[in-house]
Amino acid sequence: MMEKIISLCKRRGFIYPSSEIYGGVEAIWDYGPLGALLKNNIKNFWLKRFVQEKEDIVAIDGSVIMNPKVWEASGHLEDFSDPLMECKNCHSRFRADYITNSKFIGQGRAKKENQCPVCGGENFTEAQQFNLMFKTFLGPIENKAHQAYLRPETAQSMFTNFKLVLDSSRKKIPFGIAQIGKVFRNEITTGNFIFRCREFEIAEIEYFVKPGNDEKWFKNWVKEWERFFLDFGIKKKNLRRFEHPKDKLAHYSKRTVDIEYKFPWGWDELAGIANRTDYDLKRHSQFSGSDLSYYDKEEDKNYIPYVIEPTMGIGRALLAFLIDAYEEIKGGRSKTTKAVKEKEVILHFDKRLAPIKAAVLPLVKNKLSLVKKAREVYNLIKPNFISQYDEVGSIGRRYRRQDEIGTPYCLTIDFDTLKDETITIRDRDTMKQERVKIRELVNYLQEKLK
Ligand SMILES: [Zn+2]
């Protein structure tokens, strides 16, 4: 299944390995023309739902590099690490918990517990903590005093800007700050395509609440987060919640629930909701000397707000949407003899997420009048919808090309079009065809794509 998805992504321009002509970079990917469109659609609808349609949430766009003190205060310098173990035989390095929890069994040469998947060796060094933050230097001097980090999460700029956002937006608690942005983690073990990358994008909200109201808001955000995936087409049976055991919580968290998706390799984290309590604002108050408490007018007192943090990886969401939308039909859906021999692939994206909304197809390309009319139709819809013009190959083959990238509507211009100014609109999922007048086309599509 994953091989099929990866190959489709490359072939049709969704996702490529970064700098592939040089052999790529491990766990870093580029989004091609269709992938970039799909990703932007996910981000735009996320912003629409959680910022535009909410009165109590504002969005910021923070920097990747922050004052290094931020990471001292946040606890990342101390605690943002994974245990690392090295195989004494082949010197490959692994996450220690992956070795001891048998996560590698069945992979490579690991047949049983505590075995190296590369060489099958059973002797490892003691586990050592390895910090996952990428280091860099500010300015021309490369020493410890000038060391900085690429952010491993977007949350911190929402904490450091808490007061500025509060004052400039005149929000009252409860309110949230949202952000979509690039983050960097120097993962020891990578893999499963874009699932575990070293550079990726996340969408996060820090929702500030009165202490004592945090548990209620936590439950609320778990529901809202789950609903986002369901509303954009993920099947309910492929989602579940995972409650982190108390003794395994991150250093800042009181409670964490993951929303897991049934990926082809098994249930895995798609998104999460954490109750970060007042940990971050308290620590930043201490480390910076700035008072980050909130004055509650109604209660006439100051307190440090609690923070509920719903977060999702944009790449993981994109991958889940892709996998969930993927359908392969042996022999194809049409019953013509030629198609029976082929397999057909359809991406049943939610129409709002589909990268291309409509394709304009003249029935044949060797009739000038048809091509001219098709170009007119293309020019008409182009400013309103991301669309494609395609005249190459048989009409059946062109339908299939569009099904494979999830285009909801194919518009065919045929000889009747020249007589009555109507075209055929074919629906990707039902394959039903409808005749629509050209002058009603834009309204028709607008209505359908809502
Ligand atoms: Zn080994």
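Going by the structure above, here's the rest.
Note that this is a predicted model, so its numbers are computed, not measured. (Residues numbered from 1 in each chain as written. Predicted model: local features only at pLDDT ≥ 70, side-chain atom pairs only at ≥ 80, totals over all residues. Heavy atoms only, no water.)

A separate point is the packing of aromatic side chains. Where two aromatic rings form a pair, the distance of their centres and the angle of their planes describe that pair. Counted by the stated rule, this structure contains 27 aromatic pairs. Plain terms: the ring middles of phenylalanine 14 and phenylalanine 349 are 6.4 Å apart, the flat faces sit at 55 degrees to each other, and that makes the pair tilted. Of the two residues, phenylalanine 14 sits in the loop between α1 (2–11) and β1 (15–17) while phenylalanine 349 sits in the loop between β18 (343–347) and β19 (358–362), which places them 335 residues apart along the sequence. Phenylalanine 349 matches phenylalanine 14 in its accessibility class, with the two residues each being buried. (Phe/Tyr/Trp six-rings, centres within 6.5 Å; stacked < 30°, edge-to-face > 60°. Helix = DSSP H or I, 4+ residues; strand = E, 2+ residues; numbered from the N terminus. Buried < 20%, exposed > 50% of the residue type's maximum accessible area, 1.4 Å probe, protein only.)

Quick look at the pattern of salt bridges now. Under the criterion given, the structure shown has 40 salt bridges. Arginine 316 is the salt-bridge partner of glutamate 269, the closest N and O atoms lying 4.0 Å from each other. Here the residue glutamate 269 occupies a position in strand β13 (residues 266–277), and arginine 316 occupies one in helix α10 (residues 314–325), the gap between them amounting to 47 residues. Exposure remark for glutamate 269: the relative accessible area of 31% places this residue in the partly exposed category. (Salt bridge = Lys/Arg side-chain N within 4 Å of Asp/Glu carboxyl O.)

Next up on the list: a nonpolar patch on the surface. A surface patch of nonpolar side chains, about 220 Å² in accessible area, is lined by Leu363, Phe415 and Leu418. Residue placement: leucine 418 occurs in helix α14 (residues 415–420). On the basis of relative accessible area, leucine 418 is assigned to the partly exposed category, the value being 35%. (Patch = residues over 30% accessible without salt bridge, like charges linked within 9 Å, V, L, I, M, F, W, Y side chains within 5 Å. Areas by Shrake-Rupley, 256 points an atom, 1.4 Å probe, with all protein chains shown as cover.)

By definition, the strands of a sheet pair up through backbone hydrogen bonds, in either a parallel or an antiparallel sense. Read from one edge to the other, the open sheet built from five strands follows the order β20-β19-β21-β22-β23, with strand pairing classed as mixed. Strands with a single pairing partner mark the edges of an open sheet, and in this sheet they are β20 (387–389) and β23 (433–437). Within this sheet the neighbouring strands show an average axis-to-axis angle of 25 degrees, counted without direction. When strand β21 (residues 409–413) meets strand β22 (residues 422–427), the two strands line up antiparallel, connected through four bridges. Each bridged residue has a counterpart across the sheet, and for tyrosine 409 the counterpart in β22 is aspartate 427. Here helix α12 (residues 368–381) sits on the sheet and contacts β19, β20 and β21; the angle it forms with β19, its principal contact strand, is near 165 degrees. The strands that helix α15 (residues 441–448) touches are β19, β21, β22 and β23; relative to β23, the one it contacts most, it runs at about 135 degrees. (Pairing = 2+ DSSP bridges. Axes fitted to C-alpha atoms, helices over the stretch in contact; angles between N-to-C directions. Contact = heavy atoms within 4.5 Å.)

Bringing the packing of α12 against α15 into the picture now. Where α12 meets α15, the closest approach of the two axes is 10 Å, and the angle between their N-to-C directions is 50 degrees. Overall, the two elements α12 and α15 adopt an arrangement that is oblique. α15 is crossed by α12, and the crossing has right-handed handedness. Contact residues: α12 offers Val377, Leu380 and Ile381, while α15 offers Leu441, Val442 and Leu445. (Parallel < 35°, antiparallel > 145°, perpendicular 65-115°, else oblique. Left-handed = near helix turned anticlockwise from the far one by under 90°.)

It is worth spelling out the side chain of arginine 95 at this point. Considering the arrangement of structural elements, one finds arginine 95 in strand β5 (residues 93–95). Taking relative accessible area as the criterion, arginine 95 reaches 12% and is therefore assigned buried. Ignoring any residue separated from it by four or fewer positions in sequence, one finds arginine 95 in contact with Asp82, Pro83, Glu187, Ile188, Thr189 and Arg196.

Right, let's talk about the coordination of the zinc ion for a bit. When a metal holds four donors in a tetrahedron, each ideal angle between them is 109.5 degrees; when it holds six in an octahedron, the ideal angles are 90 or 180 degrees. For the zinc ion, the protein coordination sphere consists of Cys87 (SG), Cys90 (SG), Cys116 (SG) and Cys119 (SG), at 2.3 Å. Taken together, the four donor atoms coordinating the zinc ion span angles of 102 to 112 degrees at the metal, a pattern that classifies the geometry as tetrahedral. Read in sequence order, the donor residues for the zinc ion give the motif C-x2-C-x25-C-x2-C. There is no split in this pair, since cysteine 116 and cysteine 119 are both buried. (Donors = N, O, S within 2.8 Å, 3.2 Å for Na, K, Ca; no water. Tetrahedral: all angles 85-135°; square planar, octahedral: opposite > 155°, others 65-115°.)

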